[in-house]
Amino acid sequence: MRAPLLAEHLVERHLREAAVPWTVIAPAAFMDNYTSGWTLESLRQGAFTWPMPADRPLALIPATDIGTFAALVLQRRDEFAGRRIDIASDERTPAEMAEILAGAIGCPIGHHEVPLAQVRARSADLAAMFEYFTTSGLGVDVAALHRDYPEVGWHSFTEWADGLDWSALLASASAHQ
């Protein structure tokens, strides 16, 4: 189970004290973030630049699985009432992600660890998040989620990556430079 950020913690504390039904869905790192920003820029150059060690697992989830799980929670409100549920579809190391992205894109991609100091220069919050990912991890029980909620149709990182039109994504990144 991952520790909520301060703002999340305050919201969750308020929900627990309120006299209303509630459920918190806490998704892992978003796979969809790999289709934009510095990640997409680096993929165009044959690199998966990520501020984590190559062998450190990271829990991941695509937006579609978040939406499907949220729909399940709404359909089965009583079952999920008063609970915080950490969700993830897969867990991969940056080295594995680079290999999977290489297969999906169709060209060699290597993992290159970006120093946290470089990330901190852009965003202290982002650096803090990656430091947490590296030191504590998200601790989501992916196997239990797959077992307990198979109707979600959880997508692995490979399935997600293979389902994207990388040619169009990489071309759009190229057009913005």
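Below, the structure is looked at part by part. (Residues numbered from 1 in each chain as written. Predicted model: local features only at pLDDT ≥ 70, side-chain atom pairs only at ≥ 80, totals over all residues. Heavy atoms only, no water.)

What to know about the overall build of the protein
When helices and strands are tallied, the protein shows 10 helices and seven strands. In terms of overall dimensions, the protein is globule-like: its C-alpha atoms have a radius of gyration of 17 Å, near the 16 Å expected for 177 residues. Referenced to the eigenvectors of the C-alpha coordinate spread, the extents of the protein come out at roughly 50 × 35 × 30 Å. Expressed as a percentage of the 177 residues in the protein, the buried residues total 39%. (Helix = DSSP H or I, 4+ residues; strand = E, 2+ residues; numbered from the N terminus. Rg over C-alpha atoms; globule rule 2.2 N^0.38 Å. Buried < 20%, exposed > 50% of the residue type's maximum accessible area, 1.4 Å probe, protein only.)

Digging into the side chain of Ser42
For Ser42, the location among the structural elements is in helix α2 (residues 37–44). For Ser42, a relative accessible area of 6% corresponds to the buried category. When neighbours within four sequence positions are excluded, Ser42 is seen to be in contact with Ala47, Phe48 and Thr49. (Contact = heavy atoms within 4.5 Å.)

Interpretation note: all reported values are geometric properties and have no functional meaning in isolation.
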